[in-house]
Amino acid sequence: MPSDHDVARCDTCSARIRWAMTARGRRQPVNADPDPDGNLAARTDHLGVLRVRVLAGERARLEGGEWQAMPHVATCASPPPRPRAAQTASRPGRRSATVRYGTWRWGR
Ligand SMILES: [Zn+2]
């Protein structure tokens with residue numbers, strides 16, 4: 001069971017997460033608590049860095065000191081923002097188009 005000292009909170013859904021380092025050196029949020037459905041093996045290295053690797057192929061099982069982790073994006077209640085600016089921009093455009101259409105069709 002991993003300790004709680006590196007537990008953080010997701011910016012969008014406030015869930016308990018940990019920032020892990022992937023084998024490729026990228027930071028990835030994982031759920032703070034072990035999850036038997038997770039596809040990652042997590043382990044804190046000698047520098048105190050939480051490292052994750054994908055459970056797959058010849059290393060599909062947990063090895064010494066590892067715990068099973070779920071990528072937070074898989075369970076996040078508020079996934080990373082979509083192009084929200086594009087959505088809000090299109091809505092008033094559509095509305096004004098409808099108004100213009102109605103005015104043209106039924107006005108006068
Ligand atoms: Zn989240």
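Rules of the game
- Residues numbered from 1 in each chain as written.
- Predicted model: local features only at pLDDT ≥ 70, side-chain atom pairs only at ≥ 80, totals over all residues.
- Helix = DSSP H or I, 4+ residues; strand = E, 2+ residues; numbered from the N terminus.
- Buried ≥ 20, exposed ≤ 12 C-beta atoms within 10 Å, placed from the backbone.
- Contact = placed C-beta atoms within 7 Å.
- Core = buried A, V, L, I, M, F, W, Y, C linked by C-beta atoms within 7 Å.
- Pairing = 2+ DSSP bridges.
- pLDDT = per-residue confidence, 0-100.

Trainee: I'd love a proper account of the overall build of the chain, names of residues and values included.
Mentor: Check the secondary structure of the chain and you find 1 helix and 6 strands. Along its sequence from the N terminus, the chain presents helices and strands in the succession β-β-β-β-β-β-α.

Trainee: Account for unusual backbone geometry, naming residues and giving values.
Mentor: With phi around 65 degrees, Ser14 is a residue other than glycine that occupies positive phi space. For Ser14, the location among the structural elements is in the loop between strand E1 (7-9) and strand E2 (16-21).

Trainee: Kindly report on the environment of Met70, identifying the contributing residues and their values.
Mentor: Relative to the assigned elements, Met70 resides in the loop between strand E6 (67-69) and helix H1 (84-106). Here Met70 falls in the buried class, since 20 other C-beta atoms lie within 10 Å of it. Along the backbone, Met70 and Asn39 are 31 residues apart, and their C-alpha atoms lie at a distance of 6.2 Å. Setting aside anything within four residues of it in sequence, one finds Met70 in contact with Val30, Asn31, Asp35, Asp37, Gly38 and Thr75.

Trainee: Which residues make up the nonpolar core, and what values go with them?
Mentor: Judged by nonpolar contacts, Ile17, Ala20, Val30, Ala32, Leu40, Ala41, Ala42, Val52, Ala69 and Met70 together constitute the single largest core of 10 residues. Of all the elements, strand E4 (residues 40-44) adds the most residues to this core, at 3 residues. Discounting residues that sit within four places of it in the chain, Leu40 has contacts with Val30, Val52, Arg53, Val54, Leu55, Ala69 and Pro71.

Trainee: I'd love a proper account of the environment of Arg27, names of residues and values included.
Mentor: Summarising the element assignment, Arg27 is placed in strand E3 (residues 27-31). Sequence separation of Arg27 and Leu50 is 23 residues, and the distance between their C-alpha atoms is 9.8 Å. For Arg27, the residues in contact, after removing those within four places along its chain, are Trp19 and Met21.

Trainee: I'd like a rundown of the pairing of strand E5 (residues 50-54), residues and numbers included.
Mentor: Sheet analysis places E4 next to E5, joined by 5 bridges and oriented antiparallel. Across the sheet, residue Leu40 finds its bridge partner in E5, namely Val54. What sits between E4 and E5 in their antiparallel hairpin is a turn of 5 residues, with Gly48 showing a positive phi close to 85 degrees.

Trainee: Describe the confidence of the model for the chain, and please don't skip the residues or the numbers.
Mentor: Here the chain shows a mean pLDDT of 83. Residues at 70 or above account for 71%. A low-confidence stretch, residues 96-108 (pLDDT under 50), is modelled with 0 contacts involving residues beyond four sequence positions or located in other chains.

Trainee: Account for the pairing of E4, with residues named and values stated.
Mentor: Alignment of E4 against E6, held across 3 bridges, turns out to be antiparallel. Opposite Ala42, over in E6, you have Trp67 as the bridge partner.

Trainee: I'd like a rundown of the environment of Ala69, residues and numbers included.
Mentor: Residue position: Ala69 is located in strand E6. Residues Ala69 and Arg18, spaced 51 residues apart in sequence, show a C-alpha to C-alpha distance of 9.9 Å. The contacts of Ala69, once residues within four sequence positions are left out, are Val30, Asn31, Pro34, Asp35, Gly38, Leu40, Ala42 and Val52.

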